[in-house]
Amino acid sequence: MQTSNAAGTEKSFHPLGIAILTVSDTRQPETDKSGDKIAELAQAAGHRIAARRILPDAVPGLRAQLQDWIADAAIDVIIATGGTGVTGRDVTPEALAPLVSKSIPGFGELFRMLSYQEIGTSTIQSRAEAALCDGTLVFLLPGSTGGVRLGMESIIVPQLDNRHRPCNLNELLPRIRNER
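No experiment lies behind these values; they were computed from the predicted model shown. (Residues numbered from 1 in each chain as written. Predicted model: local features only at pLDDT ≥ 70, side-chain atom pairs only at ≥ 80, totals over all residues. Heavy atoms only, no water.)

## What to know about the layout of surface pockets
So, step 1. Taken as a whole, the largest pocket encloses approximately 300 Å³ of empty space.
So, step 2. Considering the residues around the largest pocket, the lining is formed by 22 residues, among which Ile119, Ser126, Pro142, Ser144 and Gly147 are closest to the centre.
So, step 3. Counting only elements with at least two residues in the lining of the largest pocket, the list comes to helix H4 (105–119) and helix H5 (145–159).
So, step 4. For the lining of the largest pocket, the element with the most residues is H4, which contributes four residues.
So, step 5. Considering only residue class, the lining of the largest pocket consists of five nonpolar, 14 polar and three charged. (1 Å grid on protein atoms, 1.4 Å probe; cavity = no way out; pocket = protein on both sides within 12 Å on 5 of 7 lines; lining within 4 Å. Points joined across faces, edges and corners; volume = space filled by probe spheres on them. Helix = DSSP H or I, 4+ residues; strand = E, 2+ residues; numbered from the N terminus. Nonpolar A, V, L, I, M, F, W, Y, C, P; charged D, E, K, R; others polar.)

Pasting the structure below:
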């Protein structure tokens, strides 16, 4: 895949290694529609799935898995689905919080703005967010397939395409990693 940049030269697509974490007490591989949607859209965009796991809503296990993937050089991006609501079992943001090097608040703001257009004020229940964690991009999406589709198609897939203009997160990753 190639596209022309402002100077008229061709820029090749740069695929990223993506880890998918489904946070659920009830989902199994055969019922993980949200994880499947992330994989489908990431692969259709040209990225590779480097890892995939389903874990229950529990901070210690989630945090340990996130730490392992953040430390893995083959993983550039982690996309989690589930555990971002407001109930007691929704703990994905809490699991991520101590691992954050730099938050990306615009992701959650934009996600909720777009979500409002689909589900109205119910979007205030979403704690979708994104962050940089020691050079790895981490996105936390709702557990619903609709929320995953919205976040992936409208925000994440374009931002992970190094040809997206005027700017994108993919092309910033090398600079971010060199600054660590």
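## What to know about the packing of H4 against H5
Any two packed helices are characterised by how steeply their axes cross, that is the angle between the axes, and by the distance between the axes.
So, step 1. Two numbers describe how H4 lies on H5: the axes approach to 10 Å, and their chain directions differ by 120°. By the criterion of interaxial angle, the relationship of H4 to H5 is oblique. As H4 packs across H5, the resulting crossing turns out to be right-handed. Facing Phe107, Leu110, Phe111, Leu114, Ser115 and Glu118 of H4, the residues of H5 in contact are Gly147, Arg149, Leu150, Gly151, Ser154, Ile155 and Ile156.
So, step 2. Of the residues assigned to the contact of H4 with H5, the class counts are seven nonpolar, four polar and two charged. (Axes fitted to C-alpha atoms, helices over the stretch in contact; angles between N-to-C directions. Parallel < 35°, antiparallel > 145°, perpendicular 65-115°, else oblique. Left-handed = near helix turned anticlockwise from the far one by under 90°. Contact = heavy atoms within 4.5 Å.)

## Remarks on helix H1 (residues 33–44)
So, step 1. Helix length check: H1 (twelve residues) gives 16 Å between terminal C-alpha atoms against 16 Å at 1.5 Å per residue, within 8%.
So, step 2. Buried within H1 we find Ser34, Gly35, Ile38, Ala39, Leu41 and Ala42.
So, step 3. Residues of H1 that are buried sit in contact with strand E3 (17–23), strand E4 (48–55), strand E5 (77–81), strand E8 (136–141) and H5. (Expected span 1.5 Å × (residues − 1). Buried < 20%, exposed > 50% of the residue type's maximum accessible area, 1.4 Å probe, protein only.)

## What about the pattern of salt bridges?
Once their charged atoms are close, side chains differing in charge can pair, the charge on each being opposite to the other.
So, step 1. On inspection of all chains with the given rule, the structure shows eleven salt bridges.
So, step 2. Notably, a salt bridge pairs aspartate 32 with arginine 52, separated by 3.0 Å at the nearest N-O pair. In this pair, aspartate 32 sits in the loop between E3 and H1 while arginine 52 sits in strand E4, placing the two residues 20 residues apart along the sequence.
So, step 3. By relative accessible area, which is 36% here, arginine 52 ends up partly exposed.
So, step 4. Linking glutamate 94 and arginine 127 is a salt bridge whose minimum nitrogen-to-oxygen distance equals 2.6 Å. You can see glutamate 94 sitting in helix H3 (residues 92–96) and its partner arginine 127 sitting in the loop between H4 and strand E7 (129–133), a full 33 residues away along the chain.
So, step 5. You can call glutamate 94 partly exposed: its relative accessible area is 34%.
So, step 6. With relative accessibility at 25%, the residue arginine 127 sits in the partly exposed group.
So, step 7. Here the residues in one salt-bridge network are Lys11, Arg165 and Glu171, joined through shared partners. (Salt bridge = Lys/Arg side-chain N within 4 Å of Asp/Glu carboxyl O.)

## Brief notes about the side chain of aspartate 57
So, step 1. You can see aspartate 57 is positioned in the loop between E4 and helix H2 (59–71).
So, step 2. Of the buried charged residues, aspartate 57 lacks a salt bridge, with arginine 89 as the closest side chain of opposite charge at 4.7 Å. (Lys, Arg positive; Asp, Glu negative; His and termini not counted.)

## Section: the sheet that holds strand E6 (residues 102–103)
So, step 1. Reading across from one edge, E4-E3-E5-E8-E7-E6 is the order of the six strands in this open sheet, with mixed pairing throughout. A single partner strand is all that each edge strand has here, and the edge strands are E4 and E6.
So, step 2. Strand direction decides the pairing type here: E6 and E7, joined by two bridges, are antiparallel. When the bridges of E7 are listed, lysine 102 appears paired with leucine 132.
So, step 3. Packing of H1 onto the sheet brings it into contact with E3, E4, E5 and E8, and relative to E4 it is tilted by some 175°.
So, step 4. Seen against the sheet, H4 touches E6, E7 and E8 and runs at an angle of roughly 30° to E8. (Pairing = 2+ DSSP bridges.)

## Re the packing of aromatic side chains
Between two aromatic rings, the relevant description is the distance of the centres plus the angle of the planes.
So, step 1. Counting across every chain of the model gives two aromatic pairs.
So, step 2. Judged by centre distance (6.3 Å) and plane angle (25°), the rings of phenylalanine 107 and phenylalanine 111 are stacked. Placement of both phenylalanine 107 and phenylalanine 111 in helix H4 is noted, with a separation of four residues, approximately one turn of the helix. The burial state of phenylalanine 107 is the same as that of phenylalanine 111; both residues are buried.
So, step 3. Judged by centre distance (5.2 Å) and plane angle (65°), the rings of phenylalanine 107 and phenylalanine 139 are edge-to-face. (Phe/Tyr/Trp six-rings, centres within 6.5 Å; stacked < 30°, edge-to-face > 60°.)

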